[in-house]
Structures are given as C-alpha cells and as structure tokens.
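# Structural overview
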Amino acid sequence: MGLQCKMASILEYLNNFIWNEQFWLGDDAQWDDFISSDPSIYYPKVTHMNWSIVIGILLMFVRPIFESFVIIPFANCLGLKERKNISLKESPPLEAAYKSYKAEVPYNEIKRLSKETNLTERQIQRWFYKKRLMQMPSLIYKFKECSWQAFFYSITSCYWLYTLWDHVDNHVFILYLAELSFYWNLLFEIYFRSNYHQKDKKQMVLHHLATITLIYFSWGCNFVRGGSLVLLVHDFADPWLNMTKMAKYLNRQTACEILFVFLLISWIFSRCIIYPYWIMYLAVVEILDYVTTSSGYWLTSALLILLQLLHFIWTYMLITTALQKFTSGSIKKDSRSESDNELSDSTNEETLKDSIIQSEEYSRQMTQDNQEN
C-alpha cells in the first residue's frame, strides 16, 4: 500500500511538472478553463491522447501483418520479389575489419587478414562484398516502408479534408488519435527495429518529436483548428512522396517521373507556401492578438519553425532530385534512402561475380607492384 501511494505521488508530481500552468499558459489562464461546463459539449483532454502510445505500440504488431497479407502480395503482383538469401560464414577478424573500414578495406589489411584467417584474398574480398550486400535495405523493404506510409497518409488526407469541411468533433478526435499513434509508431520503429535504414535518421527523430509535442499541446490547449490544419498540410504531400518511391523501386520510370511532378507541386504548395505564409504566421504572429506570451508559446513557435526548417532541407533534396532529370535524363535515386557509398539493391549474382573478378585483378596488381618495388 505504501509503495502504491509513493508511485501515485511520483506520477502526480511528474504530471504537474510536465503540464505546469505557468509554463504553458502564462499568468492569465488555467487548465480548468479548458473543462467544459456543459456535459453535452466535449472539450479536448490530454489524457485521451495518451492512448496513442498504446496504439503506437500495437501498430508495431499490426504493421507486419498488413505487410504480409497486403503489401507483399501487391508488390509480387507488380513484379517485385524478395532478395535471395546470402550465406556468409562467421569470421570475427573479418567482422572487426568490416566495422572499422566499411566499404574501403585497404589492401594491406586484406593481406594481413589473409594470413590471420588462412583465407585467400579473393575469399576475403567476396566476404566483404557479401557482407555489404546483406547490410543493404532491399527493394521490397523500401517498398513496404513507403506503402505503409502512403496507405496511412492517403486515408488521413482525405479524412482531414472531409472533417475540416464542417469541423466534425468526433472525427477530429479520431484523426488526432490516429496521427499521434502513427508518429509514436514511426519513432518506435527508428529505435526498436534493427534493420531500419534512413540517411536522415536524426532529422526524422527531430521531426517526429516536434510533431508529437505539437499535437499534444494543440489538443491540450484546444488549439484544435490550427493543429488540424498543420496535420493536413503535412499529410497532403506524403502520399505522392511514397508513391513516387514505390514506382522507382518497381523500375517504372515513366510513372515515377509523373508522380514526382505531383509530389513537387503538392510539396512546395503545402509546405513552402501554405504552411509558412498562412498557418505558421497565424500560430506565431496573429495569435498574439488573443493570448499573452508564455514559455509554452515560445516552445510551440520554436517547434513550428523547426518543422519549417526541415521542410526547406527536404525541399532542397527534392529539387536536387528534380535536377537529375534535366542533367541525366532520369530520376536516379532516392536521396534519403541510402548513402553514396552504398550499393544499389539491383545488384545480382552477375554483379557479385564481376566485383570478385575486379577484386582479384586488383589484388594481383598490388602483389605485382610490391614485388617490383
């Protein structure tokens, strides 16, 4: 009983610390102001949004089922298959060298490993190449990632448009809970999925944390209309983004470029025009006509501005990708999915053999040069 009381007091302290009225609301408001005096009228409650954490965890179990029974069969029908399994013999010395050097293993290191492991230089080169190939996200992995997000954002975009047309309260609640649950799920995926591959991982963590905080605060302070507009603007371009990637992974170049045009238009219109000039201006500047500044206001403003900075970074990436079309004639790669040093996932067994042959020629040349010296 004493432990339960102690835990309850700790939770009460944390709740009061996190939702401090002075910090979030300033001197002229209290949380009790957001409690409806009419039972027939619903006011947003932060505790209701806490269910999003539970749902976000549940989505980690729902998503694999959805991928297995919907996305993978759909991808297979479009001609996208799972990558063949690659067998690789365990070797602690080679594992250590791979972690140290990654893509570029010096010839002297390969020669030293050959003596240590009793493997030929050819075998060592082949081991490193296979290891790199195993570490790469497959096309089916990328397709599943994009399909999951395209499915969610397509539904929420349409639902937001329908809901905000007449601002139906029950639908707003459902959408808020769904959005918050989805972003919790995306955050959990980054930290708990071992095969997560994204080039801009840190930016995505910042984005998800900022979004989660804004959703909670806008709901708790009943800034639901503005928060709904922010979520709609963010969801609007995401289906085009993911469908463009899906078309690229399916090697449908024409469809990819058509979808990319829609992506570029919707992205710039929603995130570089509508969001900063109307929504962010309303939430940061015009709101001062109705509320006093507080720590909560400054935090919210900072998070909204942070999102816009991330928008500019990703817009730069999109424009860079668009320039590839004019310079090389096609959209070559997804600038977020893999680093410049990574292999293309279209690598097959013939490419692997060619790489091994090139490695052998390189090793023979190095041996010959060392002998001449």
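Because the structure is predicted, anything quoted here is derived from the model rather than measured.

About the criteria used
Residues numbered from 1 in each chain as written. Predicted model: local features only at pLDDT ≥ 70, side-chain atom pairs only at ≥ 80, totals over all residues. Heavy atoms only, no water. Helix = DSSP H or I, 4+ residues; strand = E, 2+ residues; numbered from the N terminus. Buried < 20%, exposed > 50% of the residue type's maximum accessible area, 1.4 Å probe, protein only. Contact = heavy atoms within 4.5 Å. Areas by Shrake-Rupley, 256 points an atom, 1.4 Å probe, with all protein chains shown as cover. Salt bridge = Lys/Arg side-chain N within 4 Å of Asp/Glu carboxyl O. Phe/Tyr/Trp six-rings, centres within 6.5 Å; stacked < 30°, edge-to-face > 60°. UniProt positions renumbered as here; feature names shortened; annotations may be inferred. Polar contact = N/O pair within 3.5 Å; in protein donor to acceptor, adjacent residues only side chain to side chain. Patch = residues over 30% accessible without salt bridge, like charges linked within 9 Å, V, L, I, M, F, W, Y side chains within 5 Å.

## Considering the overall build of the protein
- Helix and strand content of the protein: 14 helices and zero strands.
- Traced from its N-terminal end to its C-terminal end, the protein shows the element sequence α-α-α-α-α-α-α-α-α-α-α-α-α-α.
- Per-residue burial over the protein gives 44% buried out of 373 residues.
- Put simply, 78% of the contacts in the protein that link residues at least 6 apart link residues at least 24 apart.
- Carbon and sulfur atoms make up 62% of the accessible area of the protein, which amounts to about 21600 Å² in all.

## Details of the pattern of salt bridges
- Scanning the model with the defined rule gives seven salt bridges in all.
- We note a salt bridge from Glu 145 to Arg 63, for which the minimum N-O separation is 2.9 Å. Of the two residues, Glu 145 sits in helix 8 (residues 139-166) while Arg 63 sits in helix 4 (residues 51-77), which places them 82 residues apart along the sequence. Comparing Glu 145 with Arg 63, the two get one shared label, buried.
- Measuring nitrogen to oxygen at the nearest pair gives 3.9 Å for the salt bridge that ties Glu 189 to Arg 63. Residue Glu 189 is located in helix 9 (residues 169-192), and its partner Arg 63 is located in helix 4; the two are separated by 126 residues in the primary sequence.
- Looking at Arg 63, the relative accessible area reads 2%, which means it is buried.
- Within this structure, Arg 63, Glu 67, Glu 145 and Glu 189 form a network of salt bridges that share partners.

## Brief notes about the packing of aromatic side chains
- The tally for this structure, following the rule as stated, stands at 17 aromatic pairs.
- Ring geometry for Phe 152 against Tyr 153: centres 5.5 Å apart, planes inclined by 75 degrees, an arrangement best described as edge-to-face.
- Phe 152 gets classed as buried once you look at its relative accessible area, which sits at 13%.
- Overall, the relative accessible area of 3% leaves Tyr 153 in the buried class.
- Arranged with centres 6.3 Å apart and planes meeting at 50 degrees, the rings of Phe 188 and Phe 192 form a pair that is tilted. Taken together, the residues span about one helical turn, with Phe 188 and Phe 192 both in helix 9 at a distance of four residues.

## Considering the UniProt feature "transmembrane region" (unreviewed entry) in the protein
- Those residues carrying the UniProt feature "transmembrane region" (unreviewed entry) are residues 51-75, 171-192, 258-278 and 298-323 in this numbering.
- Within the segment residues 171-192, helix and strand shares are 100% and 0% respectively, and the terminal C-alpha atoms sit 31 Å apart.
- The distance separating the terminal C-alpha atoms of residues 298-323 is 37 Å; by composition the span is 100% helix and 0% strand.

## Thoughts on the side chain of Ser 147
- With respect to the helices, strands and loops of the structure, Ser 147 is situated in helix 8.
- A polar atom in the side chain of Ser 147 sits 2.7 Å from the backbone oxygen of Phe 143.
- Here Ser 147 is in contact with Ile 71 and Met 246, once residues within four sequence places are set aside.

## Things to note about a nonpolar patch on the surface
- Together, Leu 3, Met 7, Ile 10, Leu 11, Tyr 13, Leu 14, Phe 17 and Ile 18 make up a nonpolar patch on the protein surface, roughly 870 Å² of accessible area in all.
- As for its position among the elements, Ile 10 is in helix 1 (residues 2-18).
- Note on Ile 10: relative accessible area 39%, which makes it partly exposed.

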